[in-house]
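Working through the structure, step by step
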Amino acid sequence: MIDIHCHVIPLVDDGAKSFEESLNMGRKAQEIGITVMIATPHYIEGSTTISSEAIRESVQILNEEFKKHQIDVTIYPGNEIFFSNDMFEILENKKAFSLNQTKYVLFEFPMYHEEIPRNAFHEIENLQISGYYPILAHPERYLFTKKHMKFLEEMIHNGVLMQLDLGSILGIYGKMAKRNAKKLLKKNMIHLIATDSHNASRIYPQYALAYQKLQRMISKEKLDEILEKNSKKILKGKKLQPYIIKKDIFDKLKIK
Ligand SMILES: [Fe+2]
């Protein structure tokens, strides 16, 4: 498995609390068959203190240390960008990383807002016309889904990919997220699954259980696609199929 969303870099956000924790995350990830982790520290404009250069260095150091400790997992740089009106500028000025420096961009909305984010579609389109492919992190966990589930559907129709957190299947983030996860999977609205792990102890040990639950919810073929195949394509910057996208944006992108 290629994990496109995790917080393995130590002491830069609410992820790994020590270097030892990062090593343990690598060990646990390897145990469940993860071969690649894209490190995605939170990027919040105005409050993030780690620079992209520091992320690049941390990734390099962690890769060297993983090798030294016989952890057979490779880390690539990324970010989980907090939604703002400046996302395009942040990416263009290389203040934050896309996923492995491809055109795929992982972003998140505020978790506990009851109303949908303003200007969301405008900002998404801004990214798309510049050739970026936005991926929304954990759509199932946002409070606004209580009233505005339809918004997620609209996002998909506007070409946004949806990444589910593995822990949501297990109920780690509460009943609403669990219910939404099931609903979104059944409605074929999830394109990717990732661990979004912040430490070594919470998600990895429950992987087998989560996998079993997923097997009961969707077909083997679909599970392979959203857990394995799609993330491989993301890592290499290849296009996902099918990629639902508005015709006018599609024309601007000139995707072949
Ligand atoms: Fe995250």
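Just above, that's the structure.
These remarks concern the structure in this document. (Residues numbered from 1 in each chain as written. Predicted model: local features only at pLDDT ≥ 70, side-chain atom pairs only at ≥ 80, totals over all residues.)

Examining the pairing of strand β2 (residues 36-39)
For a regular strand, side chains alternate in direction, first toward one face of the sheet and then toward the other. One ladder, built from three bridges, connects strand β1 (residues 2-6) with β2; its direction is parallel. What sits directly across from Ile2, in β2, is Val36. Following the chain from β1 across helix α1 (residues 19-31) to the adjacent parallel β2, one finds a crossover that is right-handed. Judged from the four bridges that link them, β2 and strand β4 (residues 74-77) form a sheet pairing that is parallel. Bridging from a neighbouring strand, Ile38 pairs with Tyr76 of β4. (Pairing = 2+ DSSP bridges. Helix = DSSP H or I, 4+ residues; strand = E, 2+ residues; numbered from the N terminus. Right-handed = clockwise from strand over helix to strand, strands pointing away.)

Concerning helix α4 (residues 120-129)
Within the sequence span of α4, burial applies to Ile124, Leu127 and Gln128. For α4, the angular spread of the buried residues around the axis is 100°, confining them to a single face. Looking one or two residues past α4, Gly131 carries a phi angle of roughly 95°, positive in sign. (Buried ≥ 20, exposed ≤ 12 C-beta atoms within 10 Å, placed from the backbone. Arc of directions from axis to C-beta.)

A look at the sheet that holds strand β6 (residues 104-108)
Read across the sheet, six strands follow the order β3-β5-β6-β7-β8-β9 without closing on themselves; strand pairing throughout is parallel. Strand pairing shows two members of the sheet lacking a second neighbour, β3 (42-43) and β9 (192-194), which therefore form its edges. Note: strand β8 (residues 161-165) against β9, three bridges, orientation parallel. Looking at the pairing, Leu164 lines up with Ile193 of β9.

Comments concerning the nonpolar core
Within the largest apolar cluster, 70 residues are counted, with the highest numbers of intra-cluster contacts made by Val8, Met37, Ile81, Val105 and Met162. Contacts of Met162, omitting those with residues within four sequence positions, involve Leu136, Pro139, Leu152, Ile156, Leu184, Met189, Ile190 and His191. (Core = buried A, V, L, I, M, F, W, Y, C linked by C-beta atoms within 7 Å. Contact = placed C-beta atoms within 7 Å.)

Overview of the sheet that holds β4
Taken together, the three strands give an open sheet; going across it, the order is β1-β2-β4, and neighbouring strands pair in parallel fashion. Each of the sheet's edge strands pairs with one partner strand only, and the pair in question is β1 and β4. This sheet shows a mean twist of 25° between the axes of neighbouring strands, independent of strand direction. Sitting on the sheet, helix α2 (residues 52-68) touches β2 and β4, and the angle it makes with β4 is about 175°. (Axes fitted to C-alpha atoms, helices over the stretch in contact; angles between N-to-C directions.)

Focus on unusual backbone geometry
For residues other than glycine, phi is negative in most cases, and the peptide bonds are mostly trans. Phi is positive for Lys94, close to 55°, though the residue is something other than glycine. For Lys94, the location among the structural elements is in the loop between α3 (87-92) and β6.

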